[in-house]
Amino acid sequence: MSDNNYSPIQVELEKDKRYAWCTCSHSANQPFCDGAHRAHNKPPSLGFSVTEDKSAFLCTCKKTSNPPYCDGSHKN
Ligand code: FES
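For clarity, every value in this text was computed on a predicted model and none was experimentally measured. Throughout this document, residue positions are counted from 1 along each chain, in the order its sequence is written. Given that the model is predicted, a residue must reach a pLDDT of at least 70 before its local features are reported, and side-chain atom pairs must reach 80 or more before they are shown or counted; all residues, however, enter totals for whole chains, interfaces and linings. Water and hydrogen atoms play no part in the side-chain values, which are based on all heavy atoms of the structure.

1. Concerning the overall build of the protein chain
Okay, step 1: Per the secondary structure count, the protein chain includes one helix and four strands.
Okay, step 2: Start at the N end of the protein chain and walk to the C end: the helices and strands fall as β-β-α-β-β.
Okay, step 3: To get the radius of gyration, use the C-alpha atoms; to get the globule rule, take the number of residues to the power 0.38 and multiply by 2.2 Å. Computed over C-alpha atoms, the radius of gyration of the protein chain comes to 12 Å, within 12% of the 11 Å expected from 2.2 N^0.38 for 76 residues, which places it in the range of a compact globule.
Okay, step 4: Each principal axis of the C-alpha atoms in the protein chain carries an extent, and together these give about 35 × 30 × 20 Å.
Okay, step 5: Burial classes follow relative accessibility: with a 1.4 Å probe on protein chains only, a residue under 20% of its type's maximum area counts as buried, one over 50% as exposed, and anything between as partly exposed. By the burial criterion, 33% of the 76 residues in the protein chain qualify as buried.
Okay, step 6: Whether two residues are in contact is decided by their heavy atoms: any pair within 4.5 Å suffices. Of all intrachain contacts in the protein chain linking residues separated by at least 6 positions in sequence, the fraction that spans at least 24 positions is 53%.
Okay, step 7: To measure how exposed things are, a 1.4 Å probe is used in the Shrake-Rupley method; for residues, cover is taken only from the protein chains shown. Total accessible area on the protein chain is roughly 4900 Å²; 46% of this is exposed by carbon and sulfur atoms.
Okay, step 8: Distance between charge centroids for the protein chain: 8 Å, based on 9 positive and 8 negative side chains. Think of it this way: any DSSP run of H or I at least four residues long counts as a helix, any run of E at least two long counts as a strand, and we number them from the N terminus. Only four residue types enter the tally: Lys and Arg on the positive side, Asp and Glu on the negative side, with His and both chain ends excluded. In this description, the location of a charge corresponds to atom NZ of lysine, CZ of arginine, CG of aspartate or CD of glutamate.

2. Some words on the UniProt feature "domain: Iron-binding zinc finger CDGSH type" (unreviewed entry) in the protein chain
Okay, step 1: UniProt positions are given in the numbering used here, feature names are shortened, and annotations may be inferred rather than shown by experiment. Here the UniProt feature "domain: Iron-binding zinc finger CDGSH type" (unreviewed entry) sits at residues 6–43 and 45–76.
Okay, step 2: Here residues 6–43 is 11% helix and 21% strand, with 20 Å between the C-alpha atoms at its ends.
Okay, step 3: Note that residues 45–76 is 0% helix and 25% strand, and that its end C-alpha atoms are spaced 24 Å apart.

3. Digging into the pattern of salt bridges
Okay, step 1: Each salt bridge in this description consists of a side-chain nitrogen of Lys or Arg and a carboxyl oxygen of Asp or Glu lying within 4 Å of one another. Inspection of every chain in the model, using the stated rule, returns one salt bridge.
Okay, step 2: Here D16 and K15 are joined by a salt bridge, their closest N and O atoms 3.1 Å apart.
Okay, step 3: D16 sits in the exposed class, given a relative accessible area of 53%.
Okay, step 4: What makes K15 partly exposed here is its relative accessible area of 47%.

Written out as structure tokens, the structure is:
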């Protein structure tokens, strides 16, 4: 599989907004949950928010040890 499939996605996050990061890989709206985990009987998304507006790279390979943020694990 090419590295591109697991590259992080850069998103603009808004202060205090609630986000749901997909943990199961099945969402068609990566890196966010679209509810697809239910059909695949997988654990739910990880909810998170940020304390200030910021740009971030969110993990799509789901191997990060710092979810929802990319920690470079997709390159391993
Ligand atoms: S679709 Fe993956 S966690 Fe919801």
